[in-house]
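Working through the structure, step by step
Okay, here's what each chain looks like letter by letter:
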Amino acid sequence: MARTWITVVTAAFFEVGWVIGLKASDSFTDWAATVFAVAVSFRLLIKATKQLPVGTVYAVFVGLGTAGTTIAEVLLFSAEIQPAKIGLIALLLAGVIALKLESASAKGA
């Protein structure tokens, strides 16, 4: 089960890569890497849904992708850090963790 969650986290990592690629790509190589990241991201997402509930996997994937993209935007593109945005991302991540824990407890029940 833990390996499947690692697959979801890895898919979210590649999601951050392709979202950043959409903003920053300006050469064939950049676009090729972006397309590769999209393919890997969705392949891993599909693989994870074979073992875990689709709704939970998608919520975790999107939550981690949103948080990761926001962090990458600050680090790579000097986006302004807004306290409200940080608080909302923390709330989002708390929801992602709660979904993962609920999924684990439902499996054990």
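Computed from a predicted model, the values in this text were never measured in an experiment. (Residues numbered from 1 in each chain as written. Predicted model: local features only at pLDDT ≥ 70, side-chain atom pairs only at ≥ 80, totals over all residues. Heavy atoms only, no water.)

Time to look at the environment of Gly 95. By the element assignment, Gly 95 lies in helix α4 (residues 83-108). Spatially, the C-alpha atoms of Gly 95 and Ala 72 are 21 Å apart, while their sequence positions differ by 23 residues. (Helix = DSSP H or I, 4+ residues; strand = E, 2+ residues; numbered from the N terminus.)

Mapped onto the secondary structure, Val 8 falls in helix α1 (residues 2-24). For Val 8, a relative accessible area of 1% translates into the label buried. Taking C-alpha positions, Val 8 is 8.8 Å from Ser 41, a pair spaced 33 residues apart along the chain. Look past the residues within four positions of Val 8 in its chain and what remains in contact with it is Ala 48, Leu 52, Val 57, Val 60 and Phe 61. (Buried < 20%, exposed > 50% of the residue type's maximum accessible area, 1.4 Å probe, protein only. Contact = heavy atoms within 4.5 Å.)

A separate point is the packing of aromatic side chains. Tallying each qualifying case throughout the model produces 5 aromatic pairs. Through pairs of rings, three or more aromatic residues link up here, namely Trp 18, Phe 42, Tyr 58 and Phe 61. (Phe/Tyr/Trp six-rings, centres within 6.5 Å; stacked < 30°, edge-to-face > 60°.)

With that out of the way, let us pick up the packing of α1 against helix α2 (residues 28-49). As a packed pair, α1 and α2 sit with axes 8 Å apart at the nearest point and diverge in direction by 155 degrees. Taken together, the axes of α1 and α2 lie roughly antiparallel to each other. α1 and α2 meet at a crossing whose hand is left-handed. Of the residues assigned to the contact of α1 with α2, the class counts are 15 nonpolar, 7 polar and 3 charged. (Axes fitted to C-alpha atoms, helices over the stretch in contact; angles between N-to-C directions. Parallel < 35°, antiparallel > 145°, perpendicular 65-115°, else oblique. Left-handed = near helix turned anticlockwise from the far one by under 90°. Nonpolar A, V, L, I, M, F, W, Y, C, P; charged D, E, K, R; others polar.)

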